[in-house]
Amino acid sequence: MSLYVDIEKRYGKFHLKMKFESGNKVLSLLGASGCGKSLTLKCIAGIETPDRGRIVLDGRVLFDSEKRINLPPQKRKVGYLFQQYALFPNMTVYQNIAVGIRKEKKTSRNNKNDVEEKSGAYNKETVDHIVSEMLASMDLEGMEQKYPHQLSGGQQQRVALARILVNEPDILLLDEPFSALDSHLRFRLEQQVRDIIHRFGKSVVLVSHNRDEVFRLTDKIAIVADGNVETIGDKHEVFREPRTKNGAILTGCKNVSPVKQLDEHHVLATDWNLKLRVEEPLGNISFVGIRMKYIRGFSGENENVFVHHDVGDCDEENVFTCKVVEVIENPFSYTVMLVNTDNPGPTPIGWEMLKDAWEGMQTDIVTICMPSSTILLLKEQ
């Protein structure tokens, strides 16, 4: 399966202009609220109509503004999981799944168990069989007669997925699938959804603003901002080189500063007032970033490296003496906020350290290194 999207849509003052392609993989649209992620899913599903463009799923045209093709949602074979699951509150689990079984007219009329009545609906025996199989595959057996309000958030999610999957859609669209769940349930349910995605075996598009969730569940990431795809690629590549300021922030980089270019390999990070050497030629960049865990720090003659893996050698040009201005305690680490001792910039830089490392150090002045190989070179967009 493959998905091709090239669409535009104006929604009030907002202008959606999305273009991307995904093969038989899990693609995530990662972006802040209001950037156009959910609107894109609705256009793919046929709930919203783009002003122009094309949407093609596995060679089948779902939408083409020039050829005036616009298949209705029920003919697109798209499974869409809404944020709040959209279960019918007055229907049982069985009824919520059964109502999702679409009326098909392609089954053989020679087998009594498989025929459809003239109304176009499957007979009850066939519906019972389909629902029972889906209940078993989603670990919902014994819950057939329960109502949505009697289910946990995770059970409601699985019922909603079951209702989608009974029709064997060609693509699965997941709109913030864990946003309605308590945080303590998310990781366990994430594992269940990952298993469902694996069994589904076709194209999946996941919308989220949670970087960890996206990294664990998807193969490919598209960074979305203001209705556009800024960066798209393999998830490891996007996290390693997000390329834009927005991409760096969305992938968890807390330290981002505008720069003044000094020469081909040197910049002044103006927020921190630090002159940095970078490995790659600068090109047309406006910002630099460094992840908090990649900063190295030491005090006195004995160097203490507070990272969990090699981040490259420190070169002398990127070594700075800094003053500690704040220490923020996290559950398993500290974020130590630092400023240049010689000439502080307007914004501190954050350095993440394991608790035992900082507690064994406890100092007002530290020397840090920012390895040039870990400095992100970022464009505005």
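Keep in mind the model is a prediction, meaning the values are calculated, not measured.

**Q** Honestly, the pattern of salt bridges in this entry has me stumped. Any pointers?
**A** A side chain of one charge can pair with a side chain of the opposite charge when the charged atoms of the two come close. A full pass over the atoms with the stated rule returns 12 salt bridges. Of the charged contacts in the structure, one is a salt bridge between Glu190 and Arg216, with a shortest N-O distance of 2.4 Å. Taken together, the residues span a long stretch of sequence, with Glu190 in helix α5 (residues 183-200) and Arg216 in helix α6 (residues 211-217) at a distance of 26 residues. For Arg216, a relative accessible area of 37% translates into the label partly exposed. With a closest N to O distance of 2.5 Å, Glu237 and Arg243 form a salt bridge. With a relative accessible area of 35%, Arg243 lands in the partly exposed category.

**Q** Looking at this model, I keep getting lost on the environment of Met353. Mind explaining?
**A** Summarising the element assignment, Met353 is placed in strand β20 (residues 349-354). Of the residues examined, Met353 reaches a relative accessible area of 1% and is grouped as buried. Considering only alpha carbons, one finds Met353 and Thr335, 18 residues apart in sequence, at a separation of 6.4 Å.

**Q** What am I meant to see in the sheet that holds strand β2 (residues 14-22) here?
**A** What holds strands together in a sheet is hydrogen bonding between their backbones, with the strands either parallel or antiparallel. If you walk across this open sheet you meet the five strands as β2-β1-β4-β5-β6, and the pairing is antiparallel. Whereas interior strands pair on both sides, the edge strands pair on one side only; in this sheet they are β2 and β6 (69-70). Direction of pairing for strand β5 (residues 60-64) relative to β6: antiparallel, over a ladder of two bridges. Its bridge partner lying in β6, Phe63 is registered against Asn70. The strands touched by helix α1 (residues 37-45) are β1 (3-11), β2, β4 (52-57) and β5; relative to β2, the strand with the most contacts, the crossing angle is about 65°.

**Q** Quick question: what am I supposed to make of the sheet that holds strand β11 (residues 228-234) here?
**A** On the basis of which strands lie adjacent, the open sheet formed by six strands has the order β7-β8-β9-β3-β10-β11 and mixed pairing. The sheet terminates laterally at β7 (78-81) and β11, the two strands that pair on one side only. Neighbouring strand axes in the sheet, compared pairwise and without regard to direction, differ in orientation by 15° on average. In this structure, strand β8 (residues 171-175) lies alongside strand β9 (residues 203-208), joined through five bridges in parallel fashion. Within β9, the residue paired with Leu173 across the bridge is Val205. The strands touched by helix α4 (residues 153-165) within the sheet are β7 and β8, with β7 carrying the most contacts at an inclination of about 165°.

Reading the values: rules and limits
Residues numbered from 1 in each chain as written. Predicted model: local features only at pLDDT ≥ 70, side-chain atom pairs only at ≥ 80, totals over all residues. Heavy atoms only, no water. Salt bridge = Lys/Arg side-chain N within 4 Å of Asp/Glu carboxyl O. Helix = DSSP H or I, 4+ residues; strand = E, 2+ residues; numbered from the N terminus. Buried < 20%, exposed > 50% of the residue type's maximum accessible area, 1.4 Å probe, protein only. Pairing = 2+ DSSP bridges. Contact = heavy atoms within 4.5 Å. Axes fitted to C-alpha atoms, helices over the stretch in contact; angles between N-to-C directions.

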